Amino acid sequence: MTEKHKERVKKLQQALRDLGYDAFFASTPITTEYLVGHREGGGERMMLLGIAPDHEPAMLIPALALVQAKATTGIEDITTWMDGEDPGVKFAAWAERWGLRTGVIAVDDEMTSFFLLRMQQALPAALFKPGTPVMEACRGRKDAEEIAYLQYAANAVDEAYKAGIAAIRVGATEMDVALAISDATNAQGVITSFGIVGAGAHGAMPHYYTGHKPLEPGDVIVMDFGGTYHGYFADITRTACLGEASAEAKKVYRIVRDAHYAAREVARPGVAAQEVDRAARRVIADAGYGEYFVHRVGHGIGLQCHEPPYMVEGNETLLAEGHTFTVEPGIYLPDRFGVRLENVVAITSDGCRSLNAEPAPELLEIPV
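Before going into details, it helps to say that this report is about the structure given with it.

Reading the values: rules and limits
- Residues numbered from 1 in each chain as written.
- Predicted model: local features only at pLDDT ≥ 70, side-chain atom pairs only at ≥ 80, totals over all residues.
- Heavy atoms only, no water.
- Helix = DSSP H or I, 4+ residues; strand = E, 2+ residues; numbered from the N terminus.
- Rg over C-alpha atoms; globule rule 2.2 N^0.38 Å.
- Buried < 20%, exposed > 50% of the residue type's maximum accessible area, 1.4 Å probe, protein only.
- Contact = heavy atoms within 4.5 Å.
- Lys, Arg positive; Asp, Glu negative; His and termini not counted.
- Charge placed at Lys NZ, Arg CZ, Asp CG, Glu CD.
- Salt bridge = Lys/Arg side-chain N within 4 Å of Asp/Glu carboxyl O.
- Arc of directions from axis to C-beta.
- Core = buried A, V, L, I, M, F, W, Y, C linked by side-chain atoms within 4.5 Å.
- Pairing = 2+ DSSP bridges.
- Axes fitted to C-alpha atoms, helices over the stretch in contact; angles between N-to-C directions.
- Parallel < 35°, antiparallel > 145°, perpendicular 65-115°, else oblique.
- Left-handed = near helix turned anticlockwise from the far one by under 90°.
- Nonpolar A, V, L, I, M, F, W, Y, C, P; charged D, E, K, R; others polar.
- Phe/Tyr/Trp six-rings, centres within 6.5 Å; stacked < 30°, edge-to-face > 60°.
- Lys NZ or Arg CZ within 6 Å of the ring centre and 35° of its normal.

**A look at the overall build of the protein**
- Scanning the protein from terminus to terminus reveals ten helices and 18 strands.
- By the compact-globule yardstick of 21 Å for 368 residues, the protein fits well, its C-alpha radius of gyration being 23 Å.
- Across its three principal directions, the C-alpha atoms of the protein cover 70 × 40 × 35 Å.
- Burial analysis of the protein (368 residues in total) assigns 54% to the buried set.
- Intrachain contacts of the protein at a sequence separation of at least 6 include 67% that bridge at least 24 residues.
- Taken as two groups, the 34 positive and 50 negative side-chain charges of the protein have centres that lie 2 Å from each other.

**Notes on the environment of G218**
- Along the chain, G218 turns up in the loop between β7 (191-199) and β8 (220-229).
- Expressed as a C-alpha distance, the spacing of G218 and S246, which sit 28 residues apart in the sequence, is 7.5 Å.
- Contact partners of G218, with chain neighbours within four places excluded, come to C241, L242 and E244.

**Looking at the pattern of salt bridges**
- Under the counting rule described, the total for this entry stands at 25 salt bridges.
- Between R118 and D86 there is a salt bridge, with its nearest N and O atoms 2.7 Å apart. Placement of the pair is R118 in helix α5 (residues 113-122) and D86 in the loop between β4 (77-81) and α4 (87-97), with a sequence separation of 32 residues.
- By relative accessible area, which is 36% here, D86 ends up partly exposed.
- Between K250 and E365 there is a salt bridge; the shortest N-O distance is 3.6 Å.

**As for helix α2 (residues 29-36)**
- Those residues of α2 lying buried are T31, T32, Y34, L35 and V36. All buried residues of α2 project into a common sector of 160° when viewed along the axis, lining one side.
- In the stretch just after α2, G37 is the one whose phi turns positive, near 85°.

**Re unusual backbone geometry**
- With an omega of 0°, the peptide bond running from P308 to P309 counts as cis.
- With respect to the helices, strands and loops of the structure, P309 is situated in strand β12 (residues 307-311).
- A positive phi angle, near 50°, is found at H230, a position not held by glycine.
- In this fold, H230 is placed in the loop between β8 and β9 (232-233).
- A positive phi angle, near 65°, is found at D335, a position not held by glycine.
- Tracing the sequence through the fold places D335 in the loop between β14 (330-333) and β15 (337-340).

**Here's the deal with the nonpolar core**
- In terms of nonpolar packing, the biggest core is built from 34 residues, with L12, F24, L35 and L49 touching the most fellow members.
- Beyond its immediate stretch of four places on either side in the chain, L12 contacts F24, L35, I51, V134, M135 and C138.
- Counting 30 residues, the second largest nonpolar core, distinct from the first, contains V220, A259, Y289 and L333.

**Section: the sheet that holds strand β5 (residues 104-107)**
- Strand order in the open sheet formed by six strands is β4-β3-β2-β1-β5-β6, and the pairing between neighbours is mixed. Both edges of this open sheet fall to β4 and β6 (127-130), since each of them pairs with a single strand only. Each neighbouring strand pair of the sheet contributes to a mean axis angle of 20°, computed without reference to strand direction.
- Bridge count between strand β3 (residues 55-62) and β4: five bridges; the pairing is parallel. Paired with A58 across the two strands is D77, which belongs to β4.
- With respect to the sheet, helix α1 (residues 3-19) is in contact with β1 (23-26), β2 (48-52) and β3, its orientation differing from that of β2 by roughly 65°.

**A few points about the packing of α2 against helix α6 (residues 132-139)**
- Two numbers describe how α2 lies on α6: the axes approach to 12 Å, and their chain directions differ by 45°. Judged by the inter-axis angle, α2 sits oblique to α6. Of the two possible hands of crossing, α2 and α6 adopt the one that is left-handed. Listed contacts from α6 to I30, T31 and Y34 of α2 are M135, C138 and R139.
- Taken together, the residues of the contact of α2 with α6 sort by class into four nonpolar, one polar and one charged.

**Focus on the environment of Y21**
- Inspection of the secondary structure puts Y21 in the loop between α1 and β1.
- Residue class for Y21 comes out buried when judged on its relative accessible area of 8%.
- For the pair Y21 and P53, spaced 32 residues apart in sequence, the C-alpha separation works out to 8.4 Å.
- Those residues in contact with Y21 that lie beyond four places of it in its chain are L16, P53, V104, A106, K129, P130, P133 and V134.

**Observations regarding the packing of aromatic side chains**
- In this structure the tally under the stated criterion is ten aromatic pairs.
- When the centroid spacing of 6.1 Å and the interplanar angle of 65° are considered together, the rings of F114 and F115 count as edge-to-face.
- Its relative accessible area of 49% is what places F114 among the partly exposed residues.
- A relative accessible area of 3% means that F115 is categorised as buried.
- Taking 4.1 Å as the distance between ring centres and 20° as the angle between the ring planes, the aromatic pair formed by Y152 and Y229 counts as stacked. Taken together, the residues span a long stretch of sequence, with Y152 in helix α7 (residues 144-167) and Y229 in strand β8 at a distance of 77 residues.
- Taking the relative accessible area as the measure of exposure, Y152 reaches 35% and is therefore partly exposed.
- One aromatic cluster is present, built from ring pairs that chain together F25, F91, W94 and W98.
- The ring of Y34 has R139 sitting right over it, with the charged end atom 5.9 Å from the ring centre.

Treat this as a map of the structure, not an account of what it does.
Printed below as a string of structure tokens:
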């Protein structure tokens, strides 16, 4: 285990003490790699990393993963199980050693239900809780290396957007544009993770599944895409129009852009996350489009594309230097068009800075 990983484990152990938890169990490659450098996932086989305030990290893994786990983590306390065995029996013995029979146990938010159910069966008197506050305390504020990875990924998708614009023409399809963006992203060493291209009425569906609609003059086109660099995500949305845009499309674009900057203006250390959402929502509501802004204004981003802290009403988490998240207000007019603008930002000592290039000041009209 590297010094970086040792420090992360110590930080998590302190979070467990602060929150009154007796242990944390992780099963997803994202979490285990972050904490101890082990990327392999168990799939359907139970694979657990356990961390407790007063114990060295330990693992329960399939026997076939032993060599890699030792090589990547250096953890000495590793219990293996063979296919055909019940790993829950060995988990119960591990939990007994750690005194967890009636403990308060946090688990990975995305732990496979089968694993959790077997753990609960082994420890019926224990209290299992979501691991969100534990991991948020560790991963929420990014260090300089992490922000550098996020910045590289952001730069790559900024460049890939240019390829998307170049692919927009009459007769091309949504998929053509998505593939052009994906190819340009991958060419820069950033692995494409997702891509939404919604033209015309499809752009009014925030999570539209990219299809094969041919692009037509007057289509407002929403492009939401991203990828990962060293596991850290980029996530950007831009909106353009093929040919001349309608007066309302131009108006809606300006409103969304104003909302985007209003949110970024209030984002600074000590401000509650919900205030970022409120700032953008106020602009859109005052313009008469409040009912058409149907999602939160942003989400934390890092090793997961969506992670805490969330910029949403009711989230009183105070922003701090190192928090990274998206700012992505949108207006969606059913059966007509949508507009969304999204940048990733990082909280600095006195405000926030965008990791992405700035969106165009007016709706971009691509010549037919």
